[in-house]
Amino acid sequence: MTQDQLKQAVARAARDYVAANIGEGAIIGVGTGSTANFFIDELAAIKDRIAGAVASSDASKRRLEAHGIKVLDLNEVSELPIYVDGADEIDAELMMVKGGGGALTREKIVAAVARTFVCVCDQSKLVATLGKFPLPVEVIPMARAHVARELAGLGGQAKLRQGFVSDNGNQILDVHGLTIADPVRLETRINQIPGVVTNGLFALRGADLLLLATPAGVKTLRRAGATNPS
């Protein structure tokens, strides 16, 4: 199977999971990226069952609206039973590196509100230890050089993502060479650097469920203690 075929398969599995685990008129969270785009296309088939969606990026908002799915501001929503999004890397404890598409801050906010975070990706994203994929860090522009120096002190080499501005008007530093032995500690430490908006480690709030596309089918992995949204 091609990578796009794997993404299509896991998007269908996520659509079926959403359909089986929400009540009529629910509002769901939708992520950003190529796999999330496949999910949005699949979500259109059950759009009459949902009241709308909260998007983690302007790009996802436009794609949802193109399918006739109402997009709500998160401030209008009291709860999200499910948030569906991809990952750049994910480990066996369902901690992730995200932000390759630059939407990490809004993704982290929507994930924090959702009762159940469903990660959808293909088997190439499942790793033993996080860190091979460069860690995105969203920064206030005036703090870019300061944050880069602080990240160097943590053992990382920060490179500005050229020609990119986040939906929040900020810049992204992609940090290479970090050893992520303790994702929770590193996420917390980087977020304490003045000028950092947030970083792409999703360890404090990891996924509850992983739908993993493989050539043999979509596998389901659940975080210990996680429950269904319903």
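What you see is a predicted model; the values in this text were computed from it and never measured.

Chemist: An account of unusual backbone geometry is requested, with residue identities and associated values reported.
Modeler: Located in the positive-phi region is leucine 94, a residue other than glycine, with phi close to 65°. With respect to the helices and strands, leucine 94 occurs in the loop between strand 4 (89–90) and strand 5 (96–97). With relative accessibility at 1%, the residue leucine 94 sits in the buried group.

Chemist: Please set out the pairing of strand 1 (residues 26–30) residue by residue, giving values where relevant.
Modeler: Within strand 1, five of the five residues are buried, which leaves it mostly tucked inside the rest of the structure. Of the two faces of strand 1, the one holding Ala26, Ile28 and Val30 and the one holding Ile27 and Gly29 are both buried throughout. Inspection of the sheet shows strand 1 paired to strand 2 (residues 50–55) by five bridges, in the parallel sense. By the bridge assignment, valine 30 is partnered in strand 2 with alanine 55.

Chemist: How would you summarise the nonpolar core if you had to cite specific residues and measurements?
Modeler: Within the largest apolar cluster, 28 residues are counted, with the highest numbers of intra-cluster contacts made by Phe39, Leu43 and Leu64. Listed by contribution, the elements that provide at least two residues to this core are helix 1 (3–21), strand 1, helix 2 (34–43), strand 2, strand 3 (80–85), strand 6 (114–122) and strand 12 (209–214). Take this core: its biggest share by element is six residues, from helix 1. Setting aside anything within four residues of it in sequence, one finds leucine 64 in contact with Val30, Ile40, Leu43, Ala53, Ala55, Ile69 and Val71. Residues Val77, Ala87, Ile90 and Ala114 belong to the second largest nonpolar core, which totals 21 residues.

Conventions used here
- Residues numbered from 1 in each chain as written.
- Predicted model: local features only at pLDDT ≥ 70, side-chain atom pairs only at ≥ 80, totals over all residues.
- Heavy atoms only, no water.
- Helix = DSSP H or I, 4+ residues; strand = E, 2+ residues; numbered from the N terminus.
- Buried < 20%, exposed > 50% of the residue type's maximum accessible area, 1.4 Å probe, protein only.
- Pairing = 2+ DSSP bridges.
- Core = buried A, V, L, I, M, F, W, Y, C linked by side-chain atoms within 4.5 Å.
- Contact = heavy atoms within 4.5 Å.

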